[in-house]
Structures are given as C-alpha cells and as structure tokens.
Amino acid sequence: MTPGGNRGWLLRLVIAFGFAQAAVSMARPAVSYRALALGADERAVGVIAGVYALLPLFAAVPLGRRTDHGRCAPLLWTGVVLISAGCALSGVAGTLWAMALWSGVMGLGHLCFVIGAQSLVARRSAPHEQDRNFGHFTIGASLGQLAGPVAAGVLIGADMARTSALALLAAGAGGAVALTSLWRVEKPGEVEPRGGRGDRVPVRGILRARGVPAGLLISVAVLSATDILTAYLPVVGEHRGIDPAVVGLLLSLRAAATIACRLVLTPMLRLLGRTALLTVTCLLAALLCAAVALPLPVPVLALVLAALGFCLGVGQPLSMTTVVQAAPPAARSTALALRLTGNRLGQVAAPATAGLVAGAAGVAAPFVMLGALLLASAGVAVRTPAGPAPEGAAADTSARVPHERGRCGARRAR
C-alpha cells in the first residue's frame, strides 16, 4: 500500500495510545503507594520504579529488528496485554519482589506498544506527512499523561493498601480498553515491511547516519526536562510555600500547553520548517527552564510553565521524524527503538543526576542543568537535515555494510 491516504487508522491509534498511556501514568504513582503500603522504604521504591525503565532496555533493539522485517500490529496487541497484566498483577502482588517484576512487565508492554505504534506511523505516512502524523500521534501520550495521575489521585485515599490496589486494577482495566481501537490499524499484506533479513544494518551504522544522533539527543533532553519538572516542581513549591494543589494545577497547565502545541504543529512547520522550529523551541525551553529556578510569583511561574510546555511539545514528534528520515530504510524501526533506549536511559540517569545537583547546589539547580542540556540540543538541532534523505542515498547507506564485509572478506582470502 502507498503511504498516505485515509487517516482513520491514525485516529484509532491515537485513541489506543491514550488509553495505554493513561493506564501506565495512573499505575506508576499507584505502584509507589502500593509498595509503601507493603513496607518499602525510599530506596526500595526507587528500585521498583527503576525496573520499569531498565528491564525493557535489553529488549528494545531486538524488538526494533523484528518490526523492521515484519508487521507492527502484533507488537501493539502484545504491548496492551502486558501493560494491562502488569497493572492488574501489581494490584494483587503481596511482596516487593513481585511488585518489581510486574513493574518491569508493565514497562516492557509500554515499550512494545510504542515501538510498534511509532513504526506503524513511519510506514503508513508519506515523508511530507510524518511531522504532522507523529505530532497527532503524541497527542495520545499527552492526554494519557494528563488523565492518568488525576485518576490515580481520585482513587488513592487514606487506606493506602486497599485504594492503591484498586487504582492498579482500574488502570489494568482501562489499559485493556485500548484493544478496542486497534482494529484495522494494519491489515495483513497492506503494509510492506522495509528491507529483508539479509540486509540488516548494524547499530553503529544507524548511529552514524546524519541526523540520528541529533534526534536522539533532542528526544532525551526534552523527556528529561519533562520528567525532572514533574519530580522537582513539588520540591520547589514546598521551599517557596506554594500549596500542593497549586503545584498540581501548574503541572496540568504544562501538560495542556504541550497538547495545544501538537494541535498547531503543522502550521508552525509551514511557517518555520523543522530545523528552525526545533532550534527555536529548544533554545526557548532552555531559557524557560532556567527561569523556573528564579523566585517568580505564582502567576508569572504559570506563564513560564505554559510557555515551557508549549516548547517541549515540539521536540518529541519532530525527533521521531528526524530519526526515521535519517535512518536507512531497512532499519527505521531499529532506529526508533534506539531512540526509546536513549529515552529510558535518560529517565534513569536524569533524576539521579538532578538529585546530586540539588543536594549540592539547591533544589532550583536541576532546572539550570536542564537549561544547559536543552541549550546543547538547540545547538545540534541547527545541524539536523531539513527533510528526508533521498531514497537512493538511504538505500546506499543500508547496502554499504554488506558490500564492505564482502570486500574485507576478499582481502582476507587474498
């Protein structure tokens, strides 16, 4: 099937992603509360949360390889099943070891779904549609990230053991709803996989493709900013005497601004182009992150966070397009898996680094660190390719490795 055409599949994929992401976003704080109810200390909660991010790292590249040479839909179904099972089984787990195991299953399910979904968007979108379609796709993630924590907060009450278990079971049921939207997102034989098993591109070759390292850095920087903002704004609020309910509203405002950004991504791209838009938004986000470190009045802080959320909304979808269009055609799913691997490593390393920085220089210091990281990403964004590489050039890149191997083999034979 030729990419482009009817986009009903994209709407169904966005809805499914919204439910899957809401389940994960609802379950992650509920897992922490459930672990505390089972007697965990802060270190144990950190280990359980870390398993969610670390365990799937070993599966990312193999899953990307498999998707490069097969269909995407089975990975979507598998991801939803694992997410729902991980949430529900966390709700009935009676030990911390079991909590860690099911947290890892949930993380693996999320990884499966995201690799399959991003690969599907890349395949079913014409090159000129990829920025728009990835932008719309990530709206599902933003809606889930907005709704999930709110639902967890409504359900979890004073009886932490019982209500956190209820929240996890509800998250599992909510995640399973995503299955109802996955019909006909991909039909057998409708989408031809790119490349065959004989032309596998090595990871080193993918990372050397012009534009891939930049896409990875931008993605990690934006995701780290979002995670640290969520984790450390409550700490900043506590030090400045801002009510927790107000902090929650400020974080919701940031998430809503991100959704608004992705709704108007297409006109902004027409006006500025991808390279300029990435550069400008990363630069503005760097300045706005640094501004959060200042003792601003709450109304001004709200404006800063809204603008920051809007700027951060650009990085994730456009970094997907950058990686997809820079990677060899036979390795695009693997390139997306590498991007997700970088994101997961960032989710582990960034909070740990932020904690060290905050301990040494104060609670506002992590935002200055984020500003520096986003400033570096703005620097590499300037050098990202403005559009897709010519198909012939990409094909040459994917074919170069077997050719060089053959030549080296001939040298050894001589």
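Please read all numbers here as calculations on a predicted model, not as lab measurements. (Residues numbered from 1 in each chain as written. Predicted model: local features only at pLDDT ≥ 70, side-chain atom pairs only at ≥ 80, totals over all residues. Heavy atoms only, no water.)

**Structural notes on the overall build of the protein**
Where we set the bar: Starting at the N terminus, helices and strands are each numbered in turn, a helix being any DSSP run of H or I of at least four residues and a strand any DSSP run of E of at least two. Partly exposed residues are those whose accessible area sits between 20% and 50% of the maximum for their type, while under 20% is buried and over 50% is exposed, using a 1.4 Å probe and protein chains only. In this description, accessible areas are obtained by the Shrake-Rupley approach with a 1.4 Å probe, and a residue is regarded as covered only by the protein chains that are shown.
Tallying secondary structure elements over the protein gives 16 helices and zero strands in all. For the protein, the residues scored as buried account for 52% of the 414 residues in total. As presented, the protein carries roughly 17300 Å² of accessible surface, and 68% of it is formed by carbon and sulfur atoms.

**Here we look at the pattern of salt bridges**
Inclusion rule: The working definition used for a salt bridge is a side-chain nitrogen of Lys or Arg within 4 Å of a carboxyl oxygen of Asp or Glu.
Inspection of every chain in the model, using the stated rule, returns three salt bridges. Across the pair Arg162 and Asp159 runs a salt bridge whose closest N-O atoms are separated by 3.4 Å.

**Remarks on the side chain of Ser164**
The following threshold applies: Polar contact criterion, stated in full: a pair of N or O atoms within 3.5 Å, where within protein one must be able to donate a hydrogen and the other to accept it, and residues adjacent in sequence count only if both atoms are side-chain atoms. Contacts between residues were defined by any pair of non-hydrogen atoms, one from each residue, lying within 4.5 Å.
Relative to the helices and strands, Ser164 resides in helix H7 (residues 160–176). Using a relative accessible area of 0% as the deciding quantity, one classes Ser164 as buried. A distance of 3.4 Å separates a polar atom in the side chain of Ser164 from the backbone oxygen of Ala161. Each residue touching Ser164, except ones within four places of it in the same chain, is listed here: Ala30, Tyr33, Arg34 and Ile156.

**Describing the packing of aromatic side chains**
Short version of the rule: Two aromatic rings, drawn from Phe, Tyr or Trp (for Trp, its six-membered ring), form a pair once their centres lie within 6.5 Å of each other, and the interplanar angle then sorts them: stacked below 30 degrees, edge-to-face above 60, tilted otherwise.
Going through the model one piece at a time under the given rule, you end up with two aromatic pairs. Centroid distance Phe17 to Phe113: 5.6 Å. Interplanar angle 25 degrees. Geometry classified as stacked. Pair noted here: Phe17 is in helix H1 (residues 8–37) and Phe113 is in helix H5 (residues 96–124), with a separation of 96 residues, a long-range link. Per residue, the accessibility class of Phe17 equals that of Phe113, and both read buried. Judged by centre distance (4.7 Å) and plane angle (10 degrees), the rings of Phe17 and Phe137 are stacked. With a gap of 120 residues between them, Phe17 in helix H1 and Phe137 in helix H6 (residues 130–155) connect regions that are remote in the sequence.

**Some points on the nonpolar core**
What counts here: Within this scheme, the nonpolar core is defined by two criteria: the residues are buried Ala, Val, Leu, Ile, Met, Phe, Trp, Tyr or Cys, and they are joined through side-chain atoms within 4.5 Å.
In this structure, Val292, Leu305, Leu308, Val314, Phe367 and Leu374 are the most contacted members of the largest nonpolar core, which totals 43 residues. For this core, the elements supplying multiple residues, two or more each, are helix H9 (212–240), helix H10 (244–263), helix H11 (265–272), helix H12 (274–292), helix H13 (298–326), helix H14 (332–361) and helix H15 (365–381). In terms of nonpolar packing, the next biggest core, distinct from the first, is built from 32 residues, Leu76, Val114, Phe134 and Phe137 among them.

**Overview of the confidence of the model for the protein**
This is how the line gets drawn: The predictor attaches a confidence to each residue, called pLDDT, with possible values from 0 through 100.
When the pLDDT values of the protein are averaged, the result is 80; 86% of them are 70 or greater. Across the protein, helix H4 (residues 73–92) holds the top mean pLDDT of 92, while helix H16 (residues 391–413) sits lowest at 42. Counted against residues more than four places away or in other chains, residues 193–198, with its pLDDT under 50, gives 15 contacts. Across residues 389–414 the pLDDT falls below 50, and counting only partners more than four positions away or on other chains, this stretch makes twelve contacts in the model.

**Description of the side chain of Gln118**
Looking at the element boundaries, Gln118 is found in helix H5. Those residues in contact with Gln118 that lie beyond four places of it in its chain are Phe134, Phe137, Met320, Leu336, Arg339 and Leu340.

**As for the packing of H12 against H13**
Counted only if it meets this: Here, axes are lines fitted to C-alpha atoms. For helices the fit covers the stretch in contact, and angles between N-to-C directions go from 0 to 180 degrees. Handedness of a helix crossing follows the sense of rotation of the near helix relative to the far helix, less than a right angle counterclockwise being left-handed and clockwise being right-handed. Residues are grouped as follows: Ala, Val, Leu, Ile, Met, Phe, Trp, Tyr, Cys and Pro are nonpolar; Asp, Glu, Lys and Arg are charged; all remaining types, including Gly, are polar.
Their axes nearest at 8 Å, the elements H12 and H13 cross at an angle of 145 degrees. In terms of crossing hand, the pair formed by H12 and H13 is left-handed. The residue inventory of the contact of H12 with H13, partitioned by class, reads 17 nonpolar, five polar and one charged.

**As for the packing of H11 against H13**
Short version of the rule: Comment on the angle field: the value is read as roughly parallel under 35 degrees, roughly antiparallel over 145, roughly perpendicular from 65 to 115, and oblique elsewhere.
For the pair H11 and H13, interaxial distance at closest approach is 12 Å and the crossing angle is 85 degrees. On the basis of their axis angle, the class for H11 and H13 is roughly perpendicular. Note on element contacts: H13 touches H11 through Phe310, Val314, Pro317 and Leu318, opposite Leu265, Met268 and Leu269.

**Here we look at a nonpolar patch on the surface**
For the record, the criterion: Grouping into patches uses exposed residues only, defined as over 30% relative accessible area, and leaves out salt-bridged ones; the cut-off is 9 Å for like charges and 5 Å for nonpolar side chains (Val, Leu, Ile, Met, Phe, Trp, Tyr).
Taken together, the side chains of Val280, Leu283, Leu284, Leu287 and Leu375 make up a nonpolar region of the molecular surface, amounting to roughly 430 Å² of accessible area. Of all the elements, H12 adds the most residues to the nonpolar patch, at four residues. Examined against the element boundaries, Leu283 turns out to sit in helix H12.

**Remarks on the environment of Ala291**
Mapped onto the fold, Ala291 is located in helix H12. Taking the C-alpha atoms as reference points, Ala291 and Leu305, 14 residues apart in sequence, are found 9.5 Å from one another. Beyond its immediate stretch of four places on either side in the chain, Ala291 contacts Leu296 and Val304.

**Observations regarding the environment of Val304**
Here Val304 shows up in helix H13. The exposure class assigned to Val304 is buried, which follows from its relative accessible area of 11%. Sequence separation of Val304 and Leu287 is 17 residues, and the distance between their C-alpha atoms is 9.8 Å. Those residues in contact with Val304 that lie beyond four places of it in its chain are Leu288, Ala291, Val292 and Leu296.

**A look at the environment of Ala257**
Relative to the elements of secondary structure, Ala257 occurs in helix H10. It is 8.6 Å that separates the C-alpha atoms of Ala257 and Cys311, two residues lying 54 residues apart in sequence. When near neighbours in sequence (up to four residues on either side) are disregarded, Ala257 contacts Ala306, Gly309 and Phe310.

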